[in-house]
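# Fold and geometry: a report
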Amino acid sequence: MLYTEKEKHEIERVKEVFAEHLRQSPDFELLWSDKVGYVWLTIGVNPVYVDTGIRIESAADLCGRCLDDVASDVLYMTSNDHALEVADPLELAEIKRRWEPYINQLPDYAYLCKDLLNGKM
């Protein structure tokens, strides 16, 4: 069994909350494999390439990856090439603002925001 029924349901719940972000991202694709479960595939669209595939282990894993991608979008938007844990106050404010709608729907995963900001993920 790839995931328990409860685990798969929780992954699906996180996937649904981030559905629009997942759909729009040019940097990754979330795919289902009957062999290994959900796979986070790093991609590029200009130029087109397929890179690393990582198995999603849990709903928290998926949520953390999605939150990190949202934060990366902010850092990319501000043209700052640095790690999230050294984001300046304006970047942090924007990242937290963008995280809020997701965390409001997934409050059990709010701890992931702190982990990301502290470089623990």
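Residues numbered from 1 in each chain as written. Predicted model: local features only at pLDDT ≥ 70, side-chain atom pairs only at ≥ 80, totals over all residues. Heavy atoms only, no water.

### Thoughts on the pattern of salt bridges
Test applied: Each reported salt bridge corresponds to a side-chain nitrogen of Lys or Arg within 4 Å of a carboxyl oxygen of Asp or Glu. Labels follow the DSSP assignment, with helices taken as runs of H or I lasting at least four residues and strands as runs of E lasting at least two, numbered in each case from the N terminus.
Inspection of every chain in the model, using the stated rule, returns six salt bridges. Notably, a salt bridge pairs Arg97 with Glu94, separated by 2.6 Å at the nearest N-O pair. Linking Arg97 with Glu94, this pair stays in helix α4 (residues 89-105), spanning three residues, or about one helical turn. A cluster of three or more residues bridged by salt bridges with shared partners is formed by Glu94, Arg97 and Arg98.

### Focus: the environment of Leu30
Counted only if it meets this: For this analysis, residues touch if any pair of their heavy atoms sits within 4.5 Å.
By the element assignment, Leu30 lies in strand β1 (residues 28-33). Those residues in contact with Leu30 that sit more than four places away from it in its chain are Lys15, Leu22, Tyr38, Val39, Trp40, Ile56 and Leu62.

### Focus on the sheet that holds strand β3 (residues 48-55)
Note the threshold: By the convention used here, strands pair only if DSSP detects at least 2 bridges between them. Under this scheme, a helix contributes an axis fitted over its contacting stretch, all axes are lines through C-alpha atoms, and angles between N-to-C directions fall in the 0 to 180 degree range.
With respect to topology, three strands assemble into an open sheet ordered β1-β2-β3, the strand pairing being antiparallel. For this open sheet the edge positions go to β1 and β3, each flanked by a neighbour on one side alone. Across this sheet, the average inter-strand angle for adjacent strands is 30°, counted without regard to direction. Bridge analysis of strand β2 (residues 37-45) against β3 gives six bridges, and the strand direction is antiparallel. Looking across to β3, one finds that Leu41 is bridged to Gly53.

### Side note on helix α3 (residues 59-77)
The condition is simple: One less than the residue count of a helix, multiplied by 1.5 Å, gives the span that helix is expected to have.
In this model, α3 (19 residues) spans 27 Å end to end at C-alpha, consistent with the 27 Å of a helix rising 1.5 Å per residue. In the segment just after α3, Ser79 is the residue with positive phi, at about 60°.

### Details of the side chain of Ser33
Just so we agree on the cut-off: As used in this structure description, the phrase polar contact means that two N or O atoms lie within 3.5 Å; if the pair is within protein, one of them must be able to donate a hydrogen and the other to accept it, and residues adjacent in sequence are counted only when both atoms belong to side chains.
On the secondary structure map, Ser33 appears in strand β1. In terms of polar contacts, Ser33 uses its side chain to reach the backbone amide nitrogen of Lys35, at 3.1 Å. Among the polar contacts made by the side chain of Ser33, one reaches the main-chain amide nitrogen of Val36 at a distance of 3.3 Å. Other than its neighbours up to four places away in sequence, Ser33 contacts Leu2 and Val39.

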